[in-house]
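# Analysis of the macromolecular model
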Amino acid sequence: MTCTVFIDESGDAGISTVRQPNRPGSSEYFVMAAAVMQRATVIHAGKELSRLQLEFGKKKRWKHATELNHAQRVHLCKTLSEMNIRFFGVISRKSTLRDYAAEISWEPDKFYNKCAKYLLERVGEYLGHFGGSMLEPRIVFEKRNHNYDAMIRYLNSVKENPIYPQSKHLVSVNPFGITSRSKSEEDMLRVADAASHAIYSCVNKTPDNFGNPEPRYLRELTSRFGADESGKVLGHGLKCIHSLSELELDHDIAETITKMRAVPRPKIIFPRSSLG
């Protein structure tokens, strides 16, 4: 069985100057998300995105969920939740970086790479449960101004010399198989974008939304997130760096994330034709 991991992010990776109420800067939170899809699902999703394009009355192909209105985003997420996709995500609140930010000299690329490592560890753990029936996935990041060669070398170094137990899950992925594409080149990055936007909407507070995060999109996608054998998503399909409490989310948002439940991952390793 083969699959492709499509990865996109929301927020920005800048960590030197974080936005404050009275000071401009980068986003307070950074989110990275992955959509794991088999070839048949990629074909199906492509048809569904084309159908939604007509249903939404969009003459121009949208690239980001932010180009859709609230009702359209909800409908997009509901549509994706009915497909054979597994979503994964990481959330970082930059004020918790502390000494780590200084260690990496406040370099956004290194912060981005670290988040990519956390995300691929989650993906790798899930794919590892399929054993020999799962071939190394193709991994596609949305193209941005980033040193991907450095990221690949970093990920391979962690894979070859894992210091932490969770890094051993990278055995399921091949860093040298990573590519970057624009949304014009790879349509399924719009699926990953929907996932990253759904997560980011839970932490994003701006004057435009009157400081009120929106968990509806994440709730619609929850059933398709990676999960453990009991269906628990937190810590498996969704990683909070380094803990949920450190994110300092609104109570209702934290409760939503804590209660996230999805289709359980397989308990036994054997050949399958579905991601579960």
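In this report, we go over the structure that sits alongside the text. Just so it is clear, the structure is predicted and the values come from calculations on it, not from any experiment.

Further remarks concern the sheet that holds strand S1 (residues 4-10). An order of S5-S4-S1-S2-S3-S6 is seen for the six strands of this open sheet, with the pairing classed as mixed. Sheet topology places strand S5 (178-181) and strand S6 (238-241) at the edges, where each strand pairs with a single neighbour. Here the strands of the sheet are splayed against their neighbours by 20° on average, with no regard to which way each runs. Here four bridges tie strand S4 (residues 138-142) to S5, and the two strands are oriented parallel to one another. Directly across from Val 140, in S5, lies its bridge partner Thr 179. Contacting S1, strand S2 (29-37), strand S3 (85-93), S4, S5 and S6, helix H4 (residues 108-128) runs over the sheet at an angle of about 35° to S2.

By size, the foremost hydrophobic cluster in this structure holds 50 residues, and its most contacted members are Met 37, Leu 80, Phe 87, Ile 91, Val 191, Leu 249 and Ile 257. Counting only elements with at least two residues in this core, the list comes to S2, helix H1 (39-55), helix H2 (70-80), S3, helix H6 (189-200), helix H7 (216-221), S6 and helix H8 (251-258). For this core, the leading source of residues is H6, giving eight residues. Every residue in contact with Val 191, bar those within four places of it in the chain, is listed here: Ala 35, Met 37, Leu 49, Leu 80, Ile 85 and Phe 87. In terms of nonpolar packing, the next biggest core, distinct from the first, is built from 36 residues, Ile 15, Ala 34, Ile 104 and Val 173 among them.

So, about the pattern of salt bridges. For the coordinates displayed, the defined rule picks out 22 salt bridges. As a salt-bridge pair, Arg 61 and Asp 187 come within 2.5 Å of each other at their nearest N and O atoms. Taken together, the residues span a long stretch of sequence, with Arg 61 in the loop between H1 and H2 and Asp 187 in the loop between S5 and H6 at a distance of 126 residues. Using a relative accessible area of 28% as the deciding quantity, one classes Arg 61 as partly exposed. In the salt-bridge network here, residues are joined through shared partners; they are Asp 8, Glu 142, Lys 183 and Asp 193.

Moving on, we get to the pairing of S3. The two faces of a sheet get side chains in turn, since along a regular strand they alternate between them. When you tally the buried positions in S3, you get nine out of nine residues, the bulk of the element. Here S3 shows no split at all, with Ile 85, Phe 87, Gly 89, Ile 91 and Arg 93 on one side and Arg 86, Phe 88, Val 90 and Ser 92 on the other all buried. Bridging between S2 and S3 involves nine bridges; their strand directions are antiparallel. Looking at S3, one finds that Ala 35 is bridged to Phe 87. Where S3 and S6 come together, four bridges link them in parallel fashion. Across the sheet, Ile 91 pairs through a bridge with Cys 240, a residue of S6.

Calculation criteria
- Residues numbered from 1 in each chain as written.
- Predicted model: local features only at pLDDT ≥ 70, side-chain atom pairs only at ≥ 80, totals over all residues.
- Heavy atoms only, no water.
- Pairing = 2+ DSSP bridges.
- Helix = DSSP H or I, 4+ residues; strand = E, 2+ residues; numbered from the N terminus.
- Axes fitted to C-alpha atoms, helices over the stretch in contact; angles between N-to-C directions.
- Contact = heavy atoms within 4.5 Å.
- Core = buried A, V, L, I, M, F, W, Y, C linked by side-chain atoms within 4.5 Å.
- Buried < 20%, exposed > 50% of the residue type's maximum accessible area, 1.4 Å probe, protein only.
- Salt bridge = Lys/Arg side-chain N within 4 Å of Asp/Glu carboxyl O.

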